[in-house]
Amino acid sequence: MPTAGGSAGAVENLLPLALSRPHDAIASARTVLSLDPLAVDASIAHQAWGISLRQLGDIPAAVRELRTALRLAEQSGRSEREADVLATLGATLGRAGRSREGLARLDRAVELSRGALTGRVLVRRADVLLVLGRHREALDDLRLAIARLRRSGDQVWEARSRNYRGFIQLALGGTKRADADFAVAEKLYAATGQEFEYAEARQNRGLVAYSRGDLPSALRYLDEAGRRFAAVGVVWPDLAIDRCGVLLAAGLSAEALAEMDQAIAQMEAEGGTATKRGELWFAAATAALAAGDPQAAQDRADRARRLFSAQHREWWSVRSSMVQLEARYQAGERGEPLLRRVSAAARRLDALGASEASAAHLLAGRLALADGRSRTADRELELAGQHSKDTPPMARSAAWLGKALRAEARSDVRGMLSACGRGLDALDEHRLTMGATELRALATGQGAELAELALRDALRRDDPRRLLVWGERWRATALGVPPVRPSDDEQLGADLAALRDVVRRLDASPDPSLEKERRRLEKAVRDRALRAQGGALGGAASRFDVDALVDALGETVLVELIEVDGVLHAVVVCDGRITRHEVGPMASAAVEVERSRFRLRWLAHGRGARGQVQRGPSLDVLGERLGGAILGSAVERLGDRAVVMVPPSRLQALPWGLMPALAERPVNVVPSAATWLRARRLRPPADRRVVLVLGPGLSAGRAEVMRLAEKYPDATVLANGDATAEKVLRELDGAWIAHIAAHGTFRADSPLFSSLRLDDGPLTVYDFERLRRAPYRMVLSSCDSGLAKPVGADELLGLSSSLIPLGAAGILASVVPVNDPATAPLMLALHDNLQAGQSLATAFAGAQTEARGDPVTVAAARSFVALGA
């Protein structure tokens, strides 16, 4: 016989438990049902079981349980019980893509309900309306729901209604209102012990941070949400979708694509709602588009669009169609048919209030310009350029690009340049919110087109001063300020120490389990770095001052190489006069750089020893070719003076000393003229500490370091097991001169894990970024540590480049691997000159005279560059 009493206490808590801890709720529902309860209690148990299954992604099973719950509710004769189950079933059907049936069930539930229950039903109907993109109708339901639930004191359901309303406000661009709703929901969930939904609220706070352009905060919120979802045993696809959006905004398209591939594979294996399947494919399409794979983007967007169309989700369907159109444009399609479809999509996105509307208008404007339709282009670009004061920095920058293109089409040069400047200002604001060097560097890529518009104008005017100013406006800006990395971050230090130990053990004996641990630790270190918060929103970047540069140069000549539309130009600043010289195709310069680097590597491995037959051009011939491809007629302006070279990031790995015009003269290489100015203003430390470091496995380096120790009797020498990361970092911090002879590794796949090999493992860029101040002068004598990876607009990520914003005035490093024994005489001569009071570049120029004669020694000398000032 059914019992009314034994299960009452358990039944009372089942429904809140289903959304908080679904696995526990299923176990409790089974217990209740085993007691042969009354129909009303059995209905609650099956409803809780169905909700739990829905949370865990098993929608077909969830619907079966809810239909059973509805049958039992009807048997109980209680209309409020029937209304509640109808609402849950309707919401689940809506999430499964069966929106018409779901809304019919929800409409019936509203009719049957009264008071606070009506509020709960309206929340679930709003959920389905939200899935369909019917935001205004959903807001109307939620406004009524919140009023009823607050009056009744139902904190859990008030929290849910505010969470939904916040999500809709966010979709409509109201970040402040959304955050206010999420904050209230978060407090209510915490007070009522709703662990799953609290995690969801934290996730949504991350979405607000993302919408405001605060990517580090967004990543931290999403990380916390992920940990909380895992704690209650839930894999939540929305989290992967949100992480994808944040990673794309940070310029991490490969990571975003990997995130979506993993989420899709998991859903295909474990099942999930049809609505989420479409949203996952949509996010994967946007990731593929950002990663430069238009075919994959089209395929994924088409799968998403077909799912959304079947589910009658117009808001999502139009957005998917727009991704398909963008992919066609990226693949090279142009012309009136594509323009017509993009314009129509932009109008539909406007009507739906979708944030992608501005980008759609921008694409339509580009297509119209390419097709010679000036009036259409003007109209579309005007719409693309509209934004509110609350628009986040990246969206503002895109809007300013629309204005710049429109002004250029109207021959309004002043308006175009103003828009370019304002757009780059918005990107500076975005960049300064981030503490990680990697994110700052990647963020600059968004401004490439703005800078190119201004550079082309300077070329048309043949105005070398403007060309220099705009070239500097977007060059090496990520190196303008140090990364934000607290030196006392204990977890970061622990992870780096563990990584060193793992790599050291891997070097001794390869082991798959150790390799897996290495990858895990590298991810932990990188993730921690990416979440570092930068300066306050609204910060401004310092402006480049041409007159200050001219005054600082004095007798020195500066040559800045600027690429515009594939052509290399040299801007020369000499005796206060600024001139421009067209050098030639950038592609030709890149070829000569690679030829020179190949020959230097060949010689470094002993293949150029006396008596060995030489194949191919000599170093002298290669140097002449290199000089012509890099400097062109600008060489005539150099005279016999010291030179500051400012190459684009693609040419950073260039052996400058190989060019006859630059051989054996002081040459400083810097990523930007502004960087040289900052480095020049640095003052050496008062205590003149010298640090000499010898890494393991470097027999030639031992003699080198011991000889240097004789030259610097008071130097700190770290060798023979004492060259450990913590000791080396402690001694390097604020030193006057640091000389490190150690094997190095440049990681093109992840340049901030480029490293120097010490006694306890690799010292990475992340380690160097923990320094309060880099050594004033630093010599890296035994590896290709001058290499860096070009990223973003014109940025560099690598070992030596990381030291520049940390206070290093000068760094000597090689851009190809060198022959270690051949460098010893060069290094000894260099330090003799430094002790005589010469600058690093001057000391190195003088030391190169020691390398004449032997081809291997000459190659070693030509492989080094003096970075900084």
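Anything mentioned here points back to the structure above.
Residues numbered from 1 in each chain as written. Predicted model: local features only at pLDDT ≥ 70, side-chain atom pairs only at ≥ 80, totals over all residues. Heavy atoms only, no water.

(A) Layout of the overall build of the protein. Helix and strand counts for the protein stand at 38 helices and 16 strands. Here the protein holds 869 residues, and the buried ones make up 59% of them. Intrachain contacts of the protein at a sequence separation of at least 6 include 70% that bridge at least 24 residues. As displayed, the protein offers around 33,900 Å² of accessible surface, 49% of which is attributable to carbon and sulfur atoms. (Helix = DSSP H or I, 4+ residues; strand = E, 2+ residues; numbered from the N terminus. Buried < 20%, exposed > 50% of the residue type's maximum accessible area, 1.4 Å probe, protein only. Contact = heavy atoms within 4.5 Å. Areas by Shrake-Rupley, 256 points an atom, 1.4 Å probe, with all protein chains shown as cover.)

(B) Structural detail: the sheet that holds strand E4 (residues 643-646). Taken in spatial order, the eleven strands line up as E3-E2-E1-E4-E5-E16-E15-E12-E8-E6-E7 in an open sheet, and their pairing is mixed. Across the chains shown, the open sheet's two edge strands, defined by having one partner strand only, are strand E3 (577-585) and strand E7 (716-718). Taken pair by pair, the neighbouring strands of this sheet meet at an average axis angle of 20 degrees, ignoring direction. Note: strand E6 (residues 690-694) against E7, three bridges, orientation parallel. Residue pairing across strands places Val 693 opposite Leu 718, the latter belonging to E7. Across the sheet, helix H24 (residues 448-461) touches strand E1 (557-564), strand E2 (567-574) and E3, and the angle it forms with E1 is around 115 degrees. The sheet contacts of helix H32 (residues 699-711) involve E6, E7 and strand E8 (737-741), and relative to E6 the element is tilted by about 160 degrees. (Pairing = 2+ DSSP bridges. Axes fitted to C-alpha atoms, helices over the stretch in contact; angles between N-to-C directions.)

(C) Seen up close, the pattern of salt bridges. Applying the stated criterion across every chain yields a total of 82 salt bridges. Residues Arg 105 and Glu 101 are paired through a salt bridge, measuring 4.0 Å at the closest nitrogen-oxygen approach. Note that Arg 105 and Glu 101 are positioned in helix H6 (residues 99-112) at a spacing of four residues, about one turn of the helix. Put simply, Arg 431 and Asp 428 hold a salt bridge, and the shortest N to O gap is 3.1 Å. Here Arg 431 and its partner Asp 428 are both found in helix H22 (residues 413-432), three residues apart, which amounts to about one turn of the helix. Given a relative accessible area of 4%, Arg 431 falls into the buried group. Linked by salt bridges that have partners in common, Asp 179, Glu 186, Arg 202, Arg 205, Arg 212, Glu 224 and Arg 228 make up one network. (Salt bridge = Lys/Arg side-chain N within 4 Å of Asp/Glu carboxyl O.)

(D) Quick peek at the packing of helix H5 (residues 79-95) against H6. One way to put it is that H5 packs onto H6 with a least axis distance of 7 Å and a crossing angle of 160 degrees. In terms of their interaxial angle, H5 and H6 are classed as roughly antiparallel. Read as a crossing pair, H5 and H6 show a hand that is left-handed. Of the residues in H6, those in contact with Ser 79, Glu 82, Ala 83, Leu 86, Ala 87, Leu 89, Gly 90, Ala 91, Leu 93 and Gly 94 of H5 are Ser 99, Glu 101, Gly 102, Arg 105, Leu 106, Arg 108, Ala 109 and Leu 112. Class assignment for the residues of the contact of H5 with H6 results in nine nonpolar, five polar and four charged. (Parallel < 35°, antiparallel > 145°, perpendicular 65-115°, else oblique. Left-handed = near helix turned anticlockwise from the far one by under 90°. Nonpolar A, V, L, I, M, F, W, Y, C, P; charged D, E, K, R; others polar.)

(E) Here's a closer look at the nonpolar core. Counting residues in each nonpolar core, the largest one holds 153 residues, and the members touching the most others are Val 559, Ile 630, Met 645 and Trp 656. At nine residues, helix H15 (residues 274-290) tops the list of elements feeding residues into this core. Those residues in contact with Trp 656 that sit more than four places away from it in its chain are Leu 561, Ile 630, Met 645, Pro 647, Leu 651, Leu 662, Val 669 and Val 865. Membership of the second largest hydrophobic core comes to 42 residues, among which are Met 416, Leu 417, Ala 454 and Val 644. (Core = buried A, V, L, I, M, F, W, Y, C linked by side-chain atoms within 4.5 Å.)

(F) Structural context of the sheet that holds strand E10 (residues 755-758). What the three strands build is an open sheet, ordered E9-E10-E11; its pairing is antiparallel. What marks the edges here is a single partner per strand, and that holds for strand E9 (744-745) and strand E11 (761-764).

(G) Representation of the packing of aromatic side chains. Applying the stated criterion to the full structure yields eight aromatic pairs. Ring geometry for Phe 196 versus Trp 236: centroids 4.9 Å apart, planes at 90 degrees, classification edge-to-face. Placement of Phe 196 in helix H11 (residues 195-211) and of Trp 236 in the loop between helix H12 (215-231) and helix H13 (237-249) is noted, with a sequence separation of 40 residues between them. Residue classification places Phe 196 among the buried residues on the basis of a relative accessible area of 2%. Taking the relative accessible area as the measure of exposure, Trp 236 reaches 17% and is therefore buried. An aromatic cluster is built from Phe 282, Phe 308, Trp 315 and Trp 316, whose rings are joined through pairwise contacts. (Phe/Tyr/Trp six-rings, centres within 6.5 Å; stacked < 30°, edge-to-face > 60°.)

(H) Structural view of the side chain of Arg 328. One can find Arg 328 in helix H17 (residues 314-330). Beyond its immediate sequence surroundings of up to four residues, Arg 328 is in contact with Gln 298, Glu 333, Leu 338 and Arg 341.

(I) Representation of the pairing of strand E16 (residues 864-868). For E16, the tally of buried residues reaches five of five residues, placing the bulk of the element in the interior. Of the pairings in the sheet, the one linking strand E5 (residues 667-669) to E16 comprises two bridges and is parallel in character. Looking at E16, one finds that Asn 668 is bridged to Ala 866. As judged from the five bridges shared by strand E15 (residues 810-814) and E16, these two strands associate in the antiparallel manner.

(J) Structural view of helix H38 (residues 855-862). Along H38, seven of the eight residues are buried, which leaves the element largely enclosed by surrounding structure. If you check which residues of H38 are buried, you get Val 856, Thr 857, Val 858, Ala 859, Ala 860, Ala 861 and Arg 862.

(K) Expanded view of the environment of Gly 233. Within the secondary structure, Gly 233 is located in the loop between H12 and H13. Looking at Gly 233, the relative accessible area reads 36%, which means it is partly exposed. Expressed as a C-alpha distance, the spacing of Gly 233 and Ala 104, which sit 129 residues apart in the sequence, is 32 Å. Excluding anything up to four places from it in sequence, Gly 233 contacts His 23 and Leu 56.

(L) Broad picture of helix H3 (residues 39-55). With 17 residues, H3 should reach 24 Å at 1.5 Å per residue; the first-to-last C-alpha distance of 24 Å fits that figure. For H3, the tally of buried residues reaches 16 of 17 residues, placing the bulk of the element in the interior. Backbone geometry just after H3 places Gly 57 at a positive phi near 95 degrees. (Expected span 1.5 Å × (residues − 1).)

(M) Broad picture of unusual backbone geometry. We note that Asp 565 has phi near 55 degrees; this positive angle belongs to a residue other than glycine. With respect to the helices, strands and loops of the structure, Asp 565 is situated in the loop between E1 and E2. Judged by relative accessible area, Asp 565 falls into the exposed class, the value being 55%. Positioned with a positive phi, Asp 575 is a non-glycine residue whose angle comes to about 55 degrees. Tracing the sequence through the fold places Asp 575 in the loop between E2 and E3.

Bear in mind that shape data such as this cannot, by itself, settle questions of function.
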